[in-house]
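Observations on the model geometry
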Amino acid sequence: MTRSSPSGAERARATLYERAAMLRILIVDDSASVRIHLRTLLAPYGRCDEAANGSDAVSRCANALQEQDPYQLIIMDLMMPEMDGFTAIRKIHSLQEELGIDEDSRSRIIVVSCKDDPASIMHAHYETGVEQYLTKPFIKTTLLETLDNMGLLDSAPDVVDE
Amino acid sequence: MRTILAQHPDIIHHYLKIAEGCIFEQPTAVSTILGSCVSVTFFCPRRCIGAIFHALLPTISRFEKDPDAANRYRYVDSSIRHIFTLMKAKNIPPADLQIKLFGGAGVLLEGELSSGRANVEVALQTLAELNLKVIASDVGGTKGRRLVFFTHTGEVYIRRHRDPAEKAAS
């Protein structure tokens, strides 16, 4: 039996995988088990690095920018030792601003936190400028749905004209 | 977005207008377009029942002299409380509900007169008062959102508008 040429769906899947595989992802959480869980979920979609606190995350982002291989996606916890997630996000935004990186080209950030009170969620969205916030414990489908909604998994553009 | 809908040809499609809300027991793809308005999706995985509203303004008491006679789905707080009551009437406890929150952008689309931030703040406060935990939120920013909610799976797909100024003027 001869193998036929790839179907449209197979080609679309391959394109999707190639695009997703190019993502550079930073997972920031002080819990090693959460980092391992996130790495397992996200490994098929990109190259994952880990940071155990906000300070480490900022250093890794600075190095990545210097190497001209920035993180496209950062998964950020909020409550961490040394430097919390909100401070880290502000510092990462500042680093990118200093380099003149426009807003649309900056690292995309998802907050993943056990803080589910209105004040924390409001602060993330309207003071820190993060549009995506997930509360722990999260499920895999919600995380992947969020990546899709950010235009990171879909081969289609993440905007509509209609 | 058309592709997402095309993947589900067998289910009902419903376009949700501003100040509308509904609970769905049949599999339905509900789409809507949000600027500063807010939608909250409610999903019970055990019963595969979903609900959603599209509200324009934060609090009913601030705008209506007779809240009982008003359209509850025009306001964020009364929409949440009404859907909570509908779910309760179907014996769905709050702990069984997965809640997601969308919209609240700093952009006004046609027909909107609202403040995105105030809408989101009231949504979060009202949900907290009812012990409804938000599992995911995609709010704020400066771009409008086109949303599709699958009421039988709880999935929500979002695409952002390209240019807020262009869209606001349309």
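This text goes with the structure placed above it.
Note that the coordinates shown come from a computational prediction; the quantities given were computed from them, not determined experimentally.

1. With respect to the overall build of chain B
Of the regular secondary structure elements, chain B holds five helices and nine strands. For chain B, the sequential pattern of α-helices and β-strands runs α-β-β-β-β-β-α-α-β-α-β-β-β-α. Counting over 170 residues, chain B shows a buried share of 56%. Put simply, 66% of the contacts in chain B that link residues at least 6 apart link residues at least 24 apart. Approximately 7300 Å² of chain B is accessible, and the part contributed by carbon and sulfur atoms is 51%.

2. Quick word on the sheet that holds strand β5 (residues 132-135) of chain A
If you walk across this open sheet you meet the ten strands as β2(A)-β1(A)-β3(A)-β4(A)-β5(A)-β7(B)-β6(B)-β4(B)-β5(B)-β2(B), and the pairing is mixed. The outermost strands of the open sheet, each flanked by one partner alone, are β2 (46-51) of chain A together with β2 (20-24) of chain B. Recorded for the sheet is a direction-independent mean angle of 15° between the axes of neighbouring strands. As defined by bridge partners, β5 of chain A adjoins strand β7 (residues 134-139) of chain B across three bridges and the pair is classed as antiparallel. Its bridge partner being in β7 of chain B, Tyr 133 of chain A is matched across the sheet by Ser 137 of chain B. Each of β1 (23-28), β2 and β3 (73-76) of chain A touches helix α2 (residues 32-42) of chain A; the most contacted strand, β2 of chain A, lies at about 170° to it. Its contacts with the sheet put helix α4 (residues 116-129) of chain B on β4 (38-44), β6 (98-103) and β7 of chain B, and the angle it makes with β6 of chain B is roughly 170°.

3. Thoughts on helix α6 (residues 140-149) of chain A
When you tally the buried positions in α6 of chain A, you get eight out of ten residues, the bulk of the element. Looking only at α6 of chain A, the buried set comprises Thr 142, Leu 143, Leu 144, Glu 145, Thr 146, Leu 147, Asp 148 and Asn 149 of chain A.

4. Here's the deal with the environment of Ile 99 of chain B
Residues and elements named next belong to chain B. Relative to the helices and strands, Ile 99 resides in strand β6. On the accessibility criterion, Ile 99 (0% relative accessible area) is buried. The spacing of Ile 99 and Arg 162 is 63 residues in sequence and 27 Å in space, taken between C-alpha atoms.

5. A closer look at helix α5 (residues 118-127) of chain A
Every α-helical turn comprises 3.6 residues, leaving residues that sit three or four positions apart pointing alike. Taken residue by residue, α5 of chain A has Ser 120, Ile 121, Met 122, Ala 124, His 125 and Tyr 126 of chain A as its buried positions. Its buried side turned inward, α5 of chain A meets α4 (85-98) and β5 of chain A together with β6, α4 and β7 of chain B. Following α5 of chain A by one or two positions, Gly 129 of chain A has its phi on the positive side, about 80°.

6. Overview of the interface of chain B and chain A
At the junction of the two partners, chain B supplies 34 residues and chain A supplies 28 residues. Carbon and sulfur atoms supply 45% of the area that chain B and chain A bury against each other, a total of about 2800 Å² over both sides. Inspection of the region where chain B meets chain A yields five salt bridges. Arg 117 of chain B serves as the salt-bridge partner of Glu 127 of chain A, at 2.6 Å between the closest nitrogen and oxygen.

7. A closer look at the packing of aromatic side chains
Tallied over the full model, the rule gives three aromatic pairs over all chains. Ring geometry for Phe 150 of chain B and Tyr 157 of chain B: centres 6.1 Å apart, planes at 75°, overall edge-to-face. One exposure class covers both Phe 150 of chain B and Tyr 157 of chain B, and it is buried. Here the basic side chain of Arg 24 of chain A rests over the ring of Tyr 71 of chain A, its NZ or CZ set 4.5 Å away from the ring centre.

8. Quick look at the packing of α2 of chain A against α6 of chain A
All names here are of chain A. For the pair α2 and α6, interaxial distance at closest approach is 11 Å and the crossing angle is 60°. With respect to each other, α2 and α6 are oriented oblique. Seen from above, α2 lies across α6 with right-handed handedness. Listed contacts from α6 to Leu 38, Leu 41 and Leu 42 of α2 are Lys 140, Leu 143 and Leu 147. Here the residues of the contact of α2 with α6 are counted per class, giving five nonpolar, no polar and one charged.

Basis of the calculations
- Residues numbered from 1 in each chain as written.
- Chains lettered and ligands numbered in written order.
- Predicted model: local features only at pLDDT ≥ 70, side-chain atom pairs only at ≥ 80, totals over all residues.
- Heavy atoms only, no water.
- Helix = DSSP H or I, 4+ residues; strand = E, 2+ residues; numbered from the N terminus.
- Buried < 20%, exposed > 50% of the residue type's maximum accessible area, 1.4 Å probe, protein only.
- Contact = heavy atoms within 4.5 Å.
- Areas by Shrake-Rupley, 256 points an atom, 1.4 Å probe, with all protein chains shown as cover.
- Pairing = 2+ DSSP bridges.
- Axes fitted to C-alpha atoms, helices over the stretch in contact; angles between N-to-C directions.
- Buried area = accessible area lost by both parts, 1.4 Å probe.
- Salt bridge = Lys/Arg side-chain N within 4 Å of Asp/Glu carboxyl O.
- Phe/Tyr/Trp six-rings, centres within 6.5 Å; stacked < 30°, edge-to-face > 60°.
- Lys NZ or Arg CZ within 6 Å of the ring centre and 35° of its normal.
- Parallel < 35°, antiparallel > 145°, perpendicular 65-115°, else oblique.
- Left-handed = near helix turned anticlockwise from the far one by under 90°.
- Nonpolar A, V, L, I, M, F, W, Y, C, P; charged D, E, K, R; others polar.

Keep in mind that these numbers describe shape and distance, not what the molecule does.
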